[in-house]
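Coordinates in review
Next come the chains, spelled out residue by residue.
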2 protein chains.
Amino acid sequence: MSLIADTPEPPYVAVIFTSVRTDGDQGYAAMATRMDELARDQPGYLGIEAARDDVGVTVSYWADQESARAWKQVAAHLVAQQRGREVWYRDYRVRVATVERDYGPS
Amino acid sequence: MSLIADTPEPPYVAVIFTSVRTDGDQGYAAMATRMDELARDQPGYLGIEAARDDVGVTVSYWADQESARAWKQVAAHLVAQQRGREVWYRDYRVRVATVERDYGPS
């Protein structure tokens, strides 16, 4: 799998999730892997890019606002969001954006 | 400084820069620090969030499309972009997006 998402021509939707973790794993890694796999199965999923050092920045890409919203409401994901607020994240911010143009090296 | 950017109410612009590095530093760390400082001095700069492990994800936030475009054209930044294509990055993608809504834990 490529580390850079193979997204189509804009417009499409980017959900930027920035977070600061609490200490210790507390089931976080297993949940992150599970949510990653679950996201890939959702309608409108286009790709994901993620890195973490002091802060975690995860950007998931979606075909449209509807598919991004639907993913937020998937039952298992709602549970993860709840546990995220309670246990895993010291702080976070979610930003939903429409990508209007993109380019690479060539 | 907070790790999560203290952005205002949407709308504002997010520039999502995802990259895969080449091996070795080759002046990269010094440039990254300098560009970070330079960005902060630009009109319309709202904040930056960045993490790198296998892939680097850097999101800079701007008041509007004009300030995001102006930053792309700053002379020292153009030099860094050129050297990025030639030396520092195996691959990258830049996505310019309008943030339409955002939320945190509360």
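It should be emphasised that the depicted structure is a prediction, and the values quoted were computed from it without experimental measurement. (Residues numbered from 1 in each chain as written. Chains lettered and ligands numbered in written order. Predicted model: local features only at pLDDT ≥ 70, side-chain atom pairs only at ≥ 80, totals over all residues. Heavy atoms only, no water.)

**Some thoughts on the pattern of salt bridges**
- On inspection of all chains with the given rule, the structure shows eight salt bridges over all chains.
- When the shortest N-O distance is used, the salt bridge between Arg95(A) and Glu49(B) registers 3.0 Å. Placement of Arg95(A) in strand S4 (residues 89-103) and of Glu49(B) in strand S2 (residues 45-52) is noted, with the two residues assigned to different chains.
- A relative accessible area of 0% places Arg95(A) in the buried class.
- Between Asp23(B) and Arg90(B) there is a salt bridge, with its nearest N and O atoms 3.8 Å apart. Placement of Asp23(B) in the loop between strand S1 (12-21) and helix H1 (28-40) and of Arg90(B) in strand S4 (residues 89-103) is noted, with a sequence separation of 67 residues between them. Each member of the pair, Asp23(B) as well as Arg90(B), is classed as exposed. (Salt bridge = Lys/Arg side-chain N within 4 Å of Asp/Glu carboxyl O. Helix = DSSP H or I, 4+ residues; strand = E, 2+ residues; numbered from the N terminus. Buried < 20%, exposed > 50% of the residue type's maximum accessible area, 1.4 Å probe, protein only.)

**Focus on the interface of chain B and chain A**
- Each partner contributes to the interface: chain B provides 39 residues, whereas chain A provides 39 residues.
- Buried surface at the junction of chain B and chain A, both sides included, amounts to about 3800 Å², of which 56% is carbon and sulfur.
- On the chain B side of the interface with chain A, the three residues burying the most area are Arg95(B), Arg101(B) and Tyr103(B), jointly 20% of the side's total.
- Counting across the interface, chain B meets chain A through four salt bridges.
- A salt bridge links Asp102(B) to Arg93(A); its shortest N-O distance comes to 3.6 Å.
- Where chain B meets chain A, there are 27 residue pairs in polar contact (both at pLDDT 80 or more).
- When contributions to the side of chain B that touches chain A are tallied by element, the ones reaching two or more residues are S1, S2, strand S3 (56-62), helix H2 (65-73) and S4 of chain B.
- Residue composition of the side of chain B that touches chain A, grouped by class: 20 nonpolar, six polar and 13 charged.
- Pairing of S4(A) with S4(B), which is carried by nine bridges, proceeds in the antiparallel orientation. Considered in S4(B), the bridge of Ala97(A) is made with Val99(B). (Contact = heavy atoms within 4.5 Å. Buried area = accessible area lost by both parts, 1.4 Å probe. Polar contact = N/O pair within 3.5 Å; in protein donor to acceptor, adjacent residues only side chain to side chain. Nonpolar A, V, L, I, M, F, W, Y, C, P; charged D, E, K, R; others polar. Pairing = 2+ DSSP bridges.)

Just geometry here; none of it tells us what the structure is for.
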